[in-house]
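Chains, contacts and geometry: an overview
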Amino acid sequence: DMVWSMKQGKEQIVNFDAKIKNYVADVFAAMNINYSVNVDAEIDTLIKNSTAKRNILMTVKEAINNVVKYSNATEVTIIVKKIGNAITIAITDNGKGFDTNATKQSGNGLLNIKNRIAEINGTVQIESVVNRGTKILALVPLDAVSNVGW
């Protein structure tokens, strides 16, 4: 679990890339899901705000949990990188997808993702096609993650 990542002063124990890779490896260990994780090396130095770091990590965690619970995916890609003046978080799967207009959200997963990213002034876009998979794309402005005291 990533609870330890929320404690102040513990952010530098393991880098951002390792935190995500370790979590994904643990969750997918017993599953037949192939995955790739690509986190820009500069992410650790760009995300200085502990709330932003926690919210991004928890967003990835929630998205991965949704993949496991609902998607029946066999392939998952997780990308966290700087594009322009934003941190981009993209989680894509080849699972069963869903109709984003008709889906009743039985759980809090997608709502939690939207709320966590909104808390750090970001936006979330969810694209899904039935029988073709889902993509969660979050964009967080650099100025929202770079202030230590924010």
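For the structure, check the block above.
Below is a short write-up of the structure.

Parameters and conventions
- Residues numbered from 1 in each chain as written.
- Predicted model: local features only at pLDDT ≥ 70, side-chain atom pairs only at ≥ 80, totals over all residues.
- Heavy atoms only, no water.
- Helix = DSSP H or I, 4+ residues; strand = E, 2+ residues; numbered from the N terminus.
- Contact = heavy atoms within 4.5 Å.
- Polar contact = N/O pair within 3.5 Å; in protein donor to acceptor, adjacent residues only side chain to side chain.
- Pairing = 2+ DSSP bridges.
- Salt bridge = Lys/Arg side-chain N within 4 Å of Asp/Glu carboxyl O.
- Buried < 20%, exposed > 50% of the residue type's maximum accessible area, 1.4 Å probe, protein only.

This brings us to the environment of aspartate 93. Along the chain, the position of aspartate 93 falls in strand 3 (residues 86–93). Considering only alpha carbons, one finds aspartate 93 and isoleucine 78, 15 residues apart in sequence, at a separation of 9.0 Å. Aspartate 93 has contacts with Val67, Ser71, Ala73, Glu75, Val76, Arg132, Gly133 and Thr134, leaving out every residue within four places of it along the chain. Polar side-chain contacts of aspartate 93 include one of 2.7 Å to the backbone nitrogen of glycine 95.

The subject of this paragraph is the pairing of strand 5 (residues 133–141). Taken together, the eight bridges between strand 3 and strand 5 define a ladder with antiparallel strand orientation. Bridge pairing in strand 5 links isoleucine 91 to isoleucine 136. The pairing of strand 4 (residues 123–129) with strand 5 spans seven bridges and is antiparallel. Its bridge partner being in strand 5, glutamine 125 is matched across the sheet by leucine 137. Count of turn residues in the strand 4/strand 5 antiparallel hairpin: three residues, of which asparagine 131 carries a positive phi of about 65°.

Right, let's get into the side chain of threonine 134. Structurally, the position occupied by threonine 134 is in strand 5. Within the local environment of threonine 134, its side chain forms a polar contact with the side chain of serine 128, the two groups lying 2.7 Å apart. Among all residues touching threonine 134, those that are not within four sequence positions of it are Ile91, Thr92, Asp93, Gly97, Phe98, Ile126, Glu127 and Ser128.

For the structure on display, the rule yields two salt bridges. The salt bridge involving lysine 21 is made with aspartate 17; its shortest N-O contact spans 3.3 Å. On the criterion of helical spacing, the pair formed by lysine 21 and aspartate 17 is a turn pair, its members being four residues apart in helix 1 (residues 16–28). Exposure remark for lysine 21: the relative accessible area of 37% places this residue in the partly exposed category.

Remember that the coordinates give geometry; whether it matters functionally is a separate question.
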